[in-house]
Protein chains: 2
Amino acid sequence: MEYSIGEVAKLLNISISTLRFYDKEGLFLNLERDASGIRKFHEKDLETLRLITCLKSSGMKIKDIKEFMHWVSLGDQTISKRKEMFLKQKEMVEKKMLELEKTLNMITFKCWYYETAEKDQTEEKVKKIPVDKLPKEIQMAYEKAHTS
Amino acid sequence: MEYSIGEVAKLLNISISTLRFYDKEGLFLNLERDASGIRKFHEKDLETLRLITCLKSSGMKIKDIKEFMHWVSLGDQTISKRKEMFLKQKEMVEKKMLELEKTLNMITFKCWYYETAEKDQTEEKVKKIPVDKLPKEIQMAYEKAHTS
DNA sequence: TCTTGACCTAAAGTTATGTTTAGGTGATAC
DNA sequence: GTATCACCTAAACATAACTTTAGGTCAAGA
């Protein structure tokens, strides 16, 4: 199965210009072109794109993804490097998730805070509630959000 | 308690230039200055900074944080707006967490993949294992990573 | 035949989030 | 008294990751 750039764009919801940009950056290995220079994407390229999306969301830079793709092109001799990269990236993601949880706790607290303020028609009352008098789960969220 | 910009920078691990940048962008409400123009940070400014950090990690732009701070300055009449903002942001964070989980599954799979390849000294063998023959938890990670 | 649509390139432009630079003030330490 | 800090500003610079623009090819349909 072969896909044009437009088809891939729709399929994976990535703009055409982004796809060309990734190609220019060297993120695809041996991306096929037909006689008149038109890109032909195969399943392996789609899989590369799914990986790019994943690595980007893990906080990796395009340059490093490019380096990884270069390692892939060198074959078995770079297996350890690639493994190390993924181990490092796993740590990054776990760190990110912890931070996001803290963020969620802060936001959960704020949601409760403003819902209460909205009922009261003022911030004054809720602002004065001491931490230990907050509803239990809100207190927990607040405290989790405020640990260094 | 009062803090200089340098103290705040160390305390919250944010560079001095970033703090000045945030101030220029209007993220602090009534940040005090002494007679010679030197910034004096108070506890409320530190709390603002913690909130900024949190909102940034939730994916909010500086401009929107600034708008929020403006609402704060308008007092009780903007409580609903602020509540809506946090509700929206909560959804954003929940979406982000789902994406990160998917990312983590992909990376977990890749870690296993390259650890196996490393033992084999080649990718060839592991590459050929069909999904349903993978170790159970790896199979689960793979599948979770590949659901649209 | 002509026009439309999907593709192409190279290069310039955009946006967000800072950082760096160059030049200046004012208190304190040697 | 002069050198060194820690602070200040305005403005230029940096970087990543795209997007837009301007100009061109090529095949298919009216």
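Residues numbered from 1 in each chain as written. Chains lettered and ligands numbered in written order. Predicted model: local features only at pLDDT ≥ 70, side-chain atom pairs only at ≥ 80, totals over all residues. Heavy atoms only, no water.

Colleague: Sorry, what's going on with the overall build of chain A here?
Modeller: A count of helical and extended segments in chain A gives 7 helices and 2 strands. Counting helices and strands in the order they occur from the N terminus, chain A gives α-α-β-β-α-α-α-α-α. Over its C-alpha atoms chain A spans a radius of gyration of 24 Å, topping by over 25% the 15 Å that the globule rule assigns to 148 residues. The dimensions of chain A, computed from C-alpha atoms along their principal axes, are 70 × 35 × 20 Å. Residue burial in chain A is summarised as follows: out of 148 residues, 41% are buried. Sequence-distant contacts in chain A: of pairs separated by 6 or more residues, those separated by 24 or more amount to 50%. Charge-centre separation for chain A: the mean point of 28 positive side chains lies 3 Å from the mean point of 25 negative side chains. (Helix = DSSP H or I, 4+ residues; strand = E, 2+ residues; numbered from the N terminus. Rg over C-alpha atoms; globule rule 2.2 N^0.38 Å. Buried < 20%, exposed > 50% of the residue type's maximum accessible area, 1.4 Å probe, protein only. Contact = heavy atoms within 4.5 Å. Lys, Arg positive; Asp, Glu negative; His and termini not counted. Charge placed at Lys NZ, Arg CZ, Asp CG, Glu CD.)

Colleague: I tried to follow the nonpolar core on my own but got confused; where do I start?
Modeller: Generally speaking, soluble globular proteins have nonpolar side chains that are buried together. Within the largest apolar cluster, 84 residues are counted, with the highest numbers of intra-cluster contacts made by A:L49, A:F68, A:F86, B:L49, B:F68 and B:F86. With residues near it in sequence (within four places) discarded, B:F68 still touches A:Y114, B:L51, B:R82, B:M85 and B:F86. (Core = buried A, V, L, I, M, F, W, Y, C linked by side-chain atoms within 4.5 Å.)

Colleague: Would you explain the pattern of salt bridges in this entry?
Modeller: Two side chains of opposite charge can pair, provided their charged atoms sit close to one another. Following the criterion strictly, the structure yields 20 salt bridges over all chains and no others. The closest approach of N and O atoms between A:K83 and A:E84, which form a salt bridge, is 3.4 Å. For A:E84, a relative accessible area of 44% corresponds to the partly exposed category. Its salt-bridge partner being B:R50, residue B:E47 comes within 2.7 Å of it at the nearest N-O pair. With B:E47 and B:R50 both in helix α3 (residues 43-57) and 3 residues apart, the pair spans about one turn of that helix. Shared partners join several salt bridges into a network, and the residues in it are A:D23, A:R33 and A:R39. (Salt bridge = Lys/Arg side-chain N within 4 Å of Asp/Glu carboxyl O.)

Colleague: Help me understand the packing of aromatic side chains, please; the structure alone is not making it clear to me.
Modeller: In this description, an aromatic ring pair is defined by two values, namely the gap between the centres and the angle between the planes. Applying the stated criterion across every chain yields a total of 16 aromatic pairs over all chains. Ring centres of B:F68 and B:F86 lie 5.4 Å apart, and the angle between their planes is 85°; on these two criteria the pair is classed as edge-to-face. Taken as a pair, B:F68 in helix α4 (residues 62-74) and B:F86 in helix α5 (residues 79-120) lie far apart in primary sequence, 18 residues in all. Seen in terms of ring centroids, B:Y113 and B:Y114 are 5.0 Å apart; in terms of plane orientation they differ by 80°. Their pairing is edge-to-face. Residue classification places B:Y113 among the buried residues on the basis of a relative accessible area of 10%. The structure contains a cluster of three or more aromatic residues connected by ring pairs, namely A:F68, A:F86, B:F109, B:W112, B:Y113, B:Y114 and B:Y142. Sitting above the plane of the A:Y113 ring, A:K110 keeps its charged end 5.7 Å from the centroid. (Phe/Tyr/Trp six-rings, centres within 6.5 Å; stacked < 30°, edge-to-face > 60°. Lys NZ or Arg CZ within 6 Å of the ring centre and 35° of its normal.)

Colleague: Whenever I open this one, the protein's contact with DNA strand C confuses me. Can you help?
Modeller: Residues in contact with DNA strand C amount to 17 residues; listed here are only the nearest, A:S4, A:R20, A:R33, B:S15 and B:T18. Backbone atoms, meaning sugar and phosphate, make up 82% of the atoms of DNA strand C lying within 4 Å of the protein. Note that a phosphate oxygen of DNA strand C is positioned 2.4 Å from one of the side-chain N or O atoms of A:R20. One nitrogen or oxygen atom from the side chain of B:Y22 is found 2.9 Å from a phosphate oxygen belonging to DNA strand C. Looking at the surface near DNA strand C, the elements with two or more residues in it are α1 (5-12) and α2 (16-24) of chain A together with α2 (16-24) of chain B. (Near = heavy atom within 4 Å. Polar contact = N/O pair within 3.5 Å; in protein donor to acceptor, adjacent residues only side chain to side chain.)

Colleague: Whenever I open this one, the environment of B:T116 confuses me. Can you help?
Modeller: Residues and elements named next belong to chain B. Residue placement: T116 occurs in helix α5. A sequence separation of 11 residues divides T116 from K127, and the C-alpha atoms of the two residues are 9.8 Å apart. A polar contact is formed between the side chain of T116 and the backbone oxygen of W112, at a distance of 2.8 Å.

Colleague: What is the right way to read α4(B) from this model?
Modeller: Residues lying three or four places apart along an α-helix face the same way, a consequence of the helix completing one turn every 3.6 residues. The first and last C-alpha atoms of α4(B) sit 19 Å apart over 13 residues, in line with the 18 Å expected at 1.5 Å per residue. Taken together, the buried positions of α4(B) are occupied by B:I62, B:I65, B:F68, B:M69 and B:W71. As for α4(B), its buried residues are in contact with α5 (79-120) of chain A together with α2, α3 and α5 of chain B. Looking one or two residues beyond α4(B), the residue adopting positive phi is B:G75, at roughly 80°. (Expected span 1.5 Å × (residues − 1).)

Colleague: Got a minute to help me understand the protein's contact with DNA strand D in this structure?
Modeller: Every one of the 18 residues lining DNA strand D counts as a neighbour, but A:S15, A:T18, B:S4, B:R20 and B:R33 are closest to it. The protein-proximal atoms of DNA strand D, defined as those within 4 Å of the protein, are 82% sugar or phosphate. Here A:S17 contributes a side-chain N or O atom positioned 3.1 Å from a phosphate oxygen of DNA strand D. Separating a phosphate oxygen of DNA strand D from a side-chain N or O atom of B:S4 is a distance of 2.7 Å.

Colleague: Can you walk me through α1(A) in this structure?
Modeller: All names here are of chain A. Of all the positions in α1, only I5, V8 and A9 are classed as buried. In a view along the axis of α1, the buried residues occupy a sector of 105°, so they form one face of it. Buried residues in α1 make contact with α2, β2 (39-40) and α3 (43-57). At the exit of α1 stands N13, carrying a positive phi of roughly 55°. (Arc of directions from axis to C-beta.)

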